[in-house]
Amino acid sequence: MKYVDEYRDGKVARQIAAAIAQAADPSRGYHFMEFCGGHTHAISRYGLEDLLPPNVRMVHGPGCPVCVLPVGRIDMAIRLAQRPEVTLCTYGDLMRVPGSHGTSLLRAKAGGADIRMVYSTLDAVAIAEAEPTREVVFFAIGFETTTPPTALAIKLAAAKRLSNFSVFCNHVLTPPAIRGILEHPDLDGQPGPRLDGFIGPAHVSAVIGADAFAEFARDFAKPVVVAGFEPLDVMQSILMLVHQVNDGRHVVENQYIRAVTPAGNRIAQAEVAAIFELRDSFEWRGFGRVPASGLQLREAYAAFDAERRFAMAEISAADNPACDCGAILRGIKRPTDCKLFGTLCTPETPMGSCMVSSEGACAAHWTYGRFRDHARRAVA
(Lines give C-alpha, C1' and ligand atoms only; values in the text may rest on other atoms or scores of the structure.)
Protein backbone atom coordinates (compact mmCIF):
# COMPACT_ATOMS: atom_id res chain seq x y z
CA MET A 1 0.00 0.00 0.00
CA LYS A 2 1.50 3.30 -1.09
CA TYR A 3 2.73 5.53 1.76
CA VAL A 4 2.44 2.63 4.23
CA ASP A 5 4.39 -0.43 3.13
CA GLU A 6 7.49 1.55 2.20
CA TYR A 7 7.56 3.02 5.72
CA ARG A 8 7.52 -0.44 7.33
CA ASP A 9 10.53 -1.94 5.55
CA GLY A 10 12.54 -3.87 8.14
CA LYS A 11 15.73 -3.75 6.08
CA VAL A 12 15.61 0.03 5.88
CA ALA A 13 14.78 0.24 9.60
CA ARG A 14 17.95 -1.70 10.41
CA GLN A 15 19.95 0.60 8.14
CA ILE A 16 18.63 3.66 9.98
CA ALA A 17 19.32 1.94 13.30
CA ALA A 18 22.93 1.39 12.20
CA ALA A 19 23.18 5.08 11.28
CA ILE A 20 21.85 6.06 14.72
CA ALA A 21 24.36 3.78 16.44
CA GLN A 22 27.17 5.26 14.38
CA ALA A 23 26.08 8.86 15.03
CA ALA A 24 25.39 8.48 18.76
CA ASP A 25 28.36 9.51 20.88
CA PRO A 26 29.04 6.57 23.25
CA SER A 27 30.29 8.96 25.94
CA ARG A 28 26.90 10.62 26.39
CA GLY A 29 23.21 9.77 26.61
CA TYR A 30 20.33 10.88 24.45
CA HIS A 31 16.83 11.16 25.92
CA PHE A 32 13.99 12.02 23.55
CA MET A 33 10.32 12.39 24.49
CA GLU A 34 7.71 11.30 22.00
CA PHE A 35 4.80 13.49 22.98
CA CYS A 36 2.08 11.74 20.96
CA GLY A 37 0.46 8.49 22.07
CA GLY A 38 0.43 7.38 18.44
CA HIS A 39 4.22 7.45 18.48
CA THR A 40 4.30 5.60 21.79
CA HIS A 41 2.12 2.91 20.24
CA ALA A 42 4.32 2.66 17.13
CA ILE A 43 7.52 2.44 19.19
CA SER A 44 6.09 -0.39 21.27
CA ARG A 45 4.31 -2.19 18.44
CA TYR A 46 7.35 -2.35 16.16
CA GLY A 47 9.93 -2.85 18.91
CA LEU A 48 11.85 0.25 17.87
CA GLU A 49 13.59 0.62 21.23
CA ASP A 50 15.25 -2.73 20.59
CA LEU A 51 16.87 -1.24 17.49
CA LEU A 52 18.40 1.70 19.35
CA PRO A 53 21.80 1.74 21.07
CA PRO A 54 21.60 1.65 24.90
CA ASN A 55 22.48 5.33 25.25
CA VAL A 56 19.50 6.46 23.11
CA ARG A 57 16.40 6.34 25.29
CA MET A 58 12.78 7.16 24.52
CA VAL A 59 10.64 8.88 27.15
CA HIS A 60 6.87 8.51 26.92
CA GLY A 61 4.93 11.79 27.05
CA PRO A 62 1.34 12.86 27.79
CA GLY A 63 0.08 12.69 24.21
CA CYS A 64 -3.09 10.70 24.88
CA PRO A 65 -6.14 12.96 25.37
CA VAL A 66 -8.12 10.26 27.13
CA CYS A 67 -5.23 9.68 29.54
CA VAL A 68 -4.73 13.33 30.52
CA LEU A 69 -8.42 13.98 31.25
CA PRO A 70 -8.67 14.30 35.05
CA VAL A 71 -10.97 12.17 37.18
CA GLY A 72 -13.12 15.17 38.03
CA ARG A 73 -14.13 15.75 34.41
CA ILE A 74 -15.16 12.10 34.10
CA ASP A 75 -17.25 12.50 37.25
CA MET A 76 -18.87 15.60 35.76
CA ALA A 77 -19.80 13.69 32.60
CA ILE A 78 -21.26 10.81 34.62
CA ARG A 79 -23.32 13.21 36.75
CA LEU A 80 -24.58 14.93 33.58
CA ALA A 81 -25.48 11.62 31.92
CA GLN A 82 -27.52 10.58 34.95
CA ARG A 83 -29.94 13.45 34.38
CA PRO A 84 -33.15 11.89 33.02
CA GLU A 85 -33.49 14.32 30.11
CA VAL A 86 -29.89 13.94 28.86
CA THR A 87 -28.45 11.71 26.14
CA LEU A 88 -24.65 11.79 26.39
CA CYS A 89 -22.76 10.95 23.20
CA THR A 90 -19.11 9.95 23.47
CA TYR A 91 -16.29 8.12 21.76
CA GLY A 92 -15.84 4.50 22.80
CA ASP A 93 -12.47 4.85 24.52
CA LEU A 94 -13.96 7.16 27.14
CA MET A 95 -16.52 4.62 28.29
CA ARG A 96 -14.18 2.62 30.53
CA VAL A 97 -12.04 5.43 31.98
CA PRO A 98 -12.31 5.14 35.78
CA GLY A 99 -14.01 7.93 37.65
CA SER A 100 -14.23 8.28 41.41
CA HIS A 101 -15.14 5.32 43.61
CA GLY A 102 -14.98 2.76 40.80
CA THR A 103 -17.48 4.53 38.56
CA SER A 104 -17.24 4.91 34.78
CA LEU A 105 -19.49 5.91 31.92
CA LEU A 106 -19.93 2.23 31.07
CA ARG A 107 -21.20 1.49 34.57
CA ALA A 108 -23.45 4.54 34.47
CA LYS A 109 -24.91 3.25 31.20
CA ALA A 110 -25.48 -0.15 32.78
CA GLY A 111 -27.25 1.68 35.59
CA GLY A 112 -29.74 3.23 33.17
CA ALA A 113 -28.08 6.44 31.94
CA ASP A 114 -28.64 7.20 28.25
CA ILE A 115 -25.04 7.11 27.03
CA ARG A 116 -24.35 6.35 23.39
CA MET A 117 -21.10 5.67 21.59
CA VAL A 118 -20.63 7.63 18.37
CA TYR A 119 -17.97 7.58 15.67
CA SER A 120 -18.07 11.28 14.81
CA THR A 121 -19.39 14.58 16.06
CA LEU A 122 -21.93 14.59 13.25
CA ASP A 123 -23.47 11.39 14.66
CA ALA A 124 -24.33 13.36 17.79
CA VAL A 125 -25.86 16.16 15.73
CA ALA A 126 -27.96 13.60 13.84
CA ILE A 127 -29.24 12.13 17.13
CA ALA A 128 -30.23 15.60 18.35
CA GLU A 129 -32.07 16.23 15.09
CA ALA A 130 -33.85 12.87 15.20
CA GLU A 131 -34.83 13.10 18.88
CA PRO A 132 -35.87 16.70 19.57
CA THR A 133 -37.29 15.86 23.02
CA ARG A 134 -33.87 14.74 24.30
CA GLU A 135 -31.06 17.00 25.50
CA VAL A 136 -28.17 15.61 23.44
CA VAL A 137 -24.71 16.41 24.76
CA PHE A 138 -21.51 15.55 22.93
CA PHE A 139 -18.60 14.75 25.26
CA ALA A 140 -15.88 16.57 23.31
CA ILE A 141 -12.30 15.54 23.98
CA GLY A 142 -8.96 15.67 22.24
CA PHE A 143 -6.02 17.80 21.19
CA GLU A 144 -5.93 20.19 18.24
CA THR A 145 -6.62 17.30 15.85
CA THR A 146 -10.18 16.62 17.00
CA THR A 147 -11.18 20.19 17.78
CA PRO A 148 -12.14 21.18 14.18
CA PRO A 149 -14.79 18.41 13.95
CA THR A 150 -16.34 19.66 17.19
CA ALA A 151 -16.37 23.20 15.80
CA LEU A 152 -18.05 21.89 12.65
CA ALA A 153 -20.72 20.12 14.71
CA ILE A 154 -21.52 23.29 16.65
CA LYS A 155 -21.63 25.30 13.45
CA LEU A 156 -23.98 22.74 11.86
CA ALA A 157 -26.23 22.61 14.93
CA ALA A 158 -26.47 26.40 14.85
CA ALA A 159 -27.37 26.35 11.15
CA LYS A 160 -30.06 23.74 11.83
CA ARG A 161 -31.26 25.73 14.85
CA LEU A 162 -31.07 22.71 17.11
CA SER A 163 -32.03 23.89 20.57
CA ASN A 164 -31.39 20.48 22.14
CA PHE A 165 -27.72 20.04 21.21
CA SER A 166 -24.75 21.06 23.34
CA VAL A 167 -21.09 20.19 23.91
CA PHE A 168 -19.24 19.31 27.10
CA CYS A 169 -15.91 20.74 25.99
CA ASN A 170 -12.66 19.11 27.11
CA HIS A 171 -10.40 20.06 24.22
CA VAL A 172 -6.83 20.79 25.28
CA LEU A 173 -3.74 22.19 23.58
CA THR A 174 -0.40 20.50 23.03
CA PRO A 175 2.18 23.35 23.35
CA PRO A 176 1.16 24.43 26.89
CA ALA A 177 1.63 20.84 28.11
CA ILE A 178 5.13 20.66 26.64
CA ARG A 179 5.95 24.01 28.24
CA GLY A 180 4.64 22.70 31.56
CA ILE A 181 6.95 19.69 31.36
CA LEU A 182 9.94 21.91 30.64
CA GLU A 183 9.17 24.67 33.15
CA HIS A 184 8.03 22.40 35.99
CA PRO A 185 9.64 18.99 35.48
CA ASP A 186 9.26 17.75 39.07
CA LEU A 187 6.14 15.97 40.32
CA ASP A 188 5.42 15.51 44.03
CA GLY A 189 9.10 15.81 44.82
CA GLN A 190 10.15 13.36 42.12
CA PRO A 191 12.79 14.74 39.72
CA GLY A 192 11.61 15.16 36.17
CA PRO A 193 13.01 13.19 33.25
CA ARG A 194 16.11 14.27 31.41
CA LEU A 195 15.04 15.51 27.98
CA ASP A 196 17.38 16.31 25.10
CA GLY A 197 14.69 16.77 22.46
CA PHE A 198 11.16 15.99 21.33
CA ILE A 199 9.45 14.01 18.61
CA GLY A 200 6.64 16.38 17.69
CA PRO A 201 3.09 15.06 17.17
CA ALA A 202 2.04 14.34 13.60
CA HIS A 203 -1.73 14.85 13.41
CA VAL A 204 -1.62 17.84 15.74
CA SER A 205 1.09 19.43 13.59
CA ALA A 206 -1.00 18.88 10.46
CA VAL A 207 -3.52 21.28 12.04
CA ILE A 208 -1.36 23.83 13.90
CA GLY A 209 1.80 23.53 11.79
CA ALA A 210 5.37 22.56 12.64
CA ASP A 211 6.23 26.17 13.47
CA ALA A 212 4.00 25.97 16.55
CA PHE A 213 6.84 24.16 18.33
CA ALA A 214 9.52 26.74 17.55
CA GLU A 215 9.16 28.27 21.04
CA PHE A 216 10.62 25.16 22.68
CA ALA A 217 13.64 25.10 20.41
CA ARG A 218 14.13 28.81 21.02
CA ASP A 219 13.28 29.21 24.72
CA PHE A 220 14.55 25.88 26.07
CA ALA A 221 17.22 24.92 23.52
CA LYS A 222 15.43 21.64 22.79
CA PRO A 223 15.40 20.28 19.24
CA VAL A 224 12.03 19.16 17.88
CA VAL A 225 11.43 16.85 14.93
CA VAL A 226 7.83 16.46 13.78
CA ALA A 227 7.43 12.83 12.71
CA GLY A 228 4.91 10.54 11.08
CA PHE A 229 3.55 7.44 12.77
CA GLU A 230 5.15 4.67 10.74
CA PRO A 231 8.25 2.91 12.13
CA LEU A 232 10.61 4.41 9.56
CA ASP A 233 9.20 7.87 10.30
CA VAL A 234 10.04 7.47 13.97
CA MET A 235 13.49 5.99 13.32
CA GLN A 236 14.40 8.78 10.91
CA SER A 237 13.23 11.43 13.38
CA ILE A 238 15.43 9.91 16.10
CA LEU A 239 18.42 10.05 13.75
CA MET A 240 17.61 13.70 13.00
CA LEU A 241 17.46 14.48 16.73
CA VAL A 242 20.79 12.76 17.38
CA HIS A 243 22.40 14.86 14.65
CA GLN A 244 20.95 18.06 16.13
CA VAL A 245 22.23 17.22 19.61
CA ASN A 246 25.68 16.36 18.25
CA ASP A 247 25.81 19.62 16.30
CA GLY A 248 24.61 21.71 19.22
CA ARG A 249 21.59 22.81 17.21
CA HIS A 250 18.04 23.24 18.51
CA VAL A 251 15.56 23.95 15.74
CA VAL A 252 12.26 22.51 14.52
CA GLU A 253 12.64 20.03 11.68
CA ASN A 254 9.77 18.45 9.79
CA GLN A 255 10.28 14.79 8.95
CA TYR A 256 6.58 14.36 8.08
CA ILE A 257 6.68 16.56 5.00
CA ARG A 258 4.07 14.44 3.22
CA ALA A 259 1.38 15.68 5.62
CA VAL A 260 2.68 18.62 7.69
CA THR A 261 3.49 22.17 6.60
CA PRO A 262 5.13 24.97 8.60
CA ALA A 263 1.86 26.91 9.02
CA GLY A 264 -0.58 24.00 9.24
CA ASN A 265 -4.20 23.98 8.11
CA ARG A 266 -5.29 27.62 8.13
CA ILE A 267 -8.91 26.75 7.29
CA ALA A 268 -9.21 24.43 10.29
CA GLN A 269 -7.50 27.00 12.52
CA ALA A 270 -10.00 29.66 11.45
CA GLU A 271 -12.98 27.39 12.12
CA VAL A 272 -11.72 26.62 15.61
CA ALA A 273 -10.95 30.27 16.38
CA ALA A 274 -14.47 31.29 15.37
CA ILE A 275 -16.10 28.88 17.84
CA PHE A 276 -13.63 28.52 20.72
CA GLU A 277 -11.53 30.69 23.00
CA LEU A 278 -8.88 29.92 25.62
CA ARG A 279 -9.76 29.05 29.20
CA ASP A 280 -7.62 30.71 31.85
CA SER A 281 -6.47 27.24 32.89
CA PHE A 282 -7.46 23.59 32.61
CA GLU A 283 -6.67 20.61 34.79
CA TRP A 284 -4.60 17.77 33.31
CA ARG A 285 -4.18 14.39 34.94
CA GLY A 286 -0.72 14.34 36.52
CA PHE A 287 -0.07 18.02 35.76
CA GLY A 288 -2.59 19.93 37.83
CA ARG A 289 -3.95 23.13 36.31
CA VAL A 290 -2.03 24.23 33.24
CA PRO A 291 -2.48 27.90 32.20
CA ALA A 292 -4.12 28.63 28.83
CA SER A 293 -4.18 24.94 27.92
CA GLY A 294 -7.89 24.32 27.35
CA LEU A 295 -10.67 25.64 25.15
CA GLN A 296 -14.21 26.78 25.86
CA LEU A 297 -17.03 28.00 23.63
CA ARG A 298 -17.19 31.70 22.83
CA GLU A 299 -20.04 33.78 24.19
CA ALA A 300 -21.73 33.79 20.79
CA TYR A 301 -22.12 30.01 21.09
CA ALA A 302 -23.00 29.88 24.80
CA ALA A 303 -26.32 28.17 23.97
CA PHE A 304 -24.31 25.12 22.88
CA ASP A 305 -22.12 25.02 26.00
CA ALA A 306 -23.29 22.15 28.24
CA GLU A 307 -21.40 23.52 31.24
CA ARG A 308 -23.47 26.70 31.09
CA ARG A 309 -26.73 25.10 29.97
CA PHE A 310 -26.80 22.62 32.86
CA ALA A 311 -24.89 24.78 35.37
CA MET A 312 -22.32 22.00 35.72
CA ALA A 313 -20.30 22.39 38.88
CA GLU A 314 -16.55 21.81 38.64
CA ILE A 315 -15.55 18.60 40.40
CA SER A 316 -12.06 18.08 41.76
CA ALA A 317 -11.24 14.44 42.42
CA ALA A 318 -7.99 12.72 43.28
CA ASP A 319 -6.45 9.93 41.23
CA ASN A 320 -6.21 6.43 42.64
CA PRO A 321 -3.19 6.86 44.97
CA ALA A 322 -1.80 3.45 43.96
CA CYS A 323 -1.85 4.35 40.24
CA ASP A 324 1.26 5.96 38.72
CA CYS A 325 -0.54 7.25 35.63
CA GLY A 326 0.33 10.87 36.39
CA ALA A 327 4.05 10.16 36.68
CA ILE A 328 3.95 8.03 33.52
CA LEU A 329 2.26 10.84 31.58
CA ARG A 330 5.07 13.21 32.57
CA GLY A 331 7.78 10.73 31.59
CA ILE A 332 8.96 10.38 35.18
CA LYS A 333 8.08 6.68 35.30
CA ARG A 334 7.65 3.88 32.79
CA PRO A 335 4.60 1.58 32.84
CA THR A 336 6.50 -1.27 34.47
CA ASP A 337 7.50 1.04 37.34
CA CYS A 338 3.89 1.03 38.53
CA LYS A 339 3.24 -1.73 41.05
CA LEU A 340 -0.28 -2.20 39.67
CA PHE A 341 0.85 -2.83 36.09
CA GLY A 342 -0.04 -6.32 34.91
CA THR A 343 -1.42 -7.35 38.30
CA LEU A 344 -4.46 -5.38 39.44
CA CYS A 345 -4.29 -3.16 36.37
CA THR A 346 -4.84 -4.77 32.96
CA PRO A 347 -6.94 -3.73 29.94
CA GLU A 348 -9.76 -5.89 31.32
CA THR A 349 -9.54 -4.29 34.78
CA PRO A 350 -7.95 -0.85 34.24
CA MET A 351 -7.11 1.13 37.33
CA GLY A 352 -5.98 4.20 35.37
CA SER A 353 -6.59 5.88 32.04
CA CYS A 354 -3.14 4.96 30.69
CA MET A 355 -4.33 1.34 30.52
CA VAL A 356 -7.74 2.16 29.02
CA SER A 357 -6.86 4.08 25.87
CA SER A 358 -5.11 2.23 23.06
CA GLU A 359 -2.74 5.22 22.86
CA GLY A 360 -1.89 5.04 26.55
CA ALA A 361 1.66 4.03 27.42
CA CYS A 362 0.49 1.25 29.75
CA ALA A 363 -1.88 -0.24 27.19
CA ALA A 364 0.82 -0.13 24.50
CA HIS A 365 3.36 -1.84 26.74
CA TRP A 366 0.81 -4.45 27.84
CA THR A 367 -0.05 -5.27 24.24
CA TYR A 368 3.50 -5.40 22.87
CA GLY A 369 6.31 -4.53 25.24
CA ARG A 370 5.72 -7.05 28.02
CA PHE A 371 6.50 -9.94 25.69
CA ARG A 372 9.88 -8.45 24.83
CA ASP A 373 10.51 -7.87 28.55
CA HIS A 374 9.87 -11.56 29.13
CA ALA A 375 12.18 -12.53 26.26
CA ARG A 376 14.98 -10.32 27.63
CA ARG A 377 14.68 -11.85 31.10
CA ALA A 378 14.77 -15.34 29.60
CA VAL A 379 17.98 -14.52 27.70
CA ALA A 380 19.58 -12.93 30.76
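What counts, and at which threshold
- Throughout this document, residue positions are counted from 1 along each chain, in the order its sequence is written.
- The model is predicted, so local features are restricted to residues of pLDDT at least 70 and side-chain atom pairs to those at 80 or more, both for listing and for counting; the totals for chains, interfaces and linings are taken over all residues.
- Derived side-chain values reflect all non-hydrogen atoms in the structure, with water molecules and hydrogen atoms excluded from consideration.
- Here a Phe, Tyr or Trp ring, Trp counted by its six-membered ring, pairs with any other such ring whose centre lies within 6.5 Å, and the pair is stacked when the planes are under 30 degrees apart, edge-to-face when over 60, and tilted otherwise.
- Starting at the N terminus, helices and strands are each numbered in turn, a helix being any DSSP run of H or I of at least four residues and a strand any DSSP run of E of at least two.
- The rule is simple: take the accessible area with a 1.4 Å probe, protein chains only, and divide by the maximum for that residue type; under 20% is buried, over 50% is exposed, in between is partly exposed.
- The disulfide criterion is simple: two cysteine sulfur atoms within 2.5 Å.

A.B. asks: Summarise the packing of aromatic side chains; cite the residues concerned and give the values.
C.D. replies: Applying the stated criterion across every chain, the model contains nine aromatic pairs. For the ring pair F139 and F168, a centre distance of 5.2 Å and an interplane angle of 35 degrees mean the geometry is tilted. Of this pair, F139 sits in strand β5 (residues 135–142) while F168 is found in strand β6 (residues 165–171), placing the two residues 29 residues apart along the sequence. Geometrically, the ring pair formed by F213 and F216 is tilted, given 6.4 Å between the ring centres and 40 degrees between the ring planes. Among the residues examined, F216 registers a relative accessible area of 1% and is labelled buried.

A.B. asks: Which residues make up the state of the cysteines, and what are the values?
C.D. replies: Enumeration according to the criterion identifies one disulfide in this entry. Across a sulfur-sulfur distance of 2.4 Å, C325 and C354 are joined as a disulfide pair. For the disulfide bridge between C325 and C354, the dihedral angle about the S-S bond is near 80 degrees, and by the sign convention the bridge is right-handed. Here C325 is found in helix α14 (residues 325–329), whereas its partner C354 is found in helix α15 (residues 353–356), with 29 residues between them in sequence. Residue class for C354 comes out buried when judged on its relative accessible area of 2%. Distance from the sulfur of C323, which forms no disulfide, to the nearest cysteine sulfur (C325) is 4.9 Å. Take C323: its relative accessible area is 18%, and that puts it in the buried class. Note on C345: no disulfide assigned, nearest cysteine sulfur contributed by C323 at a separation of 6.1 Å.

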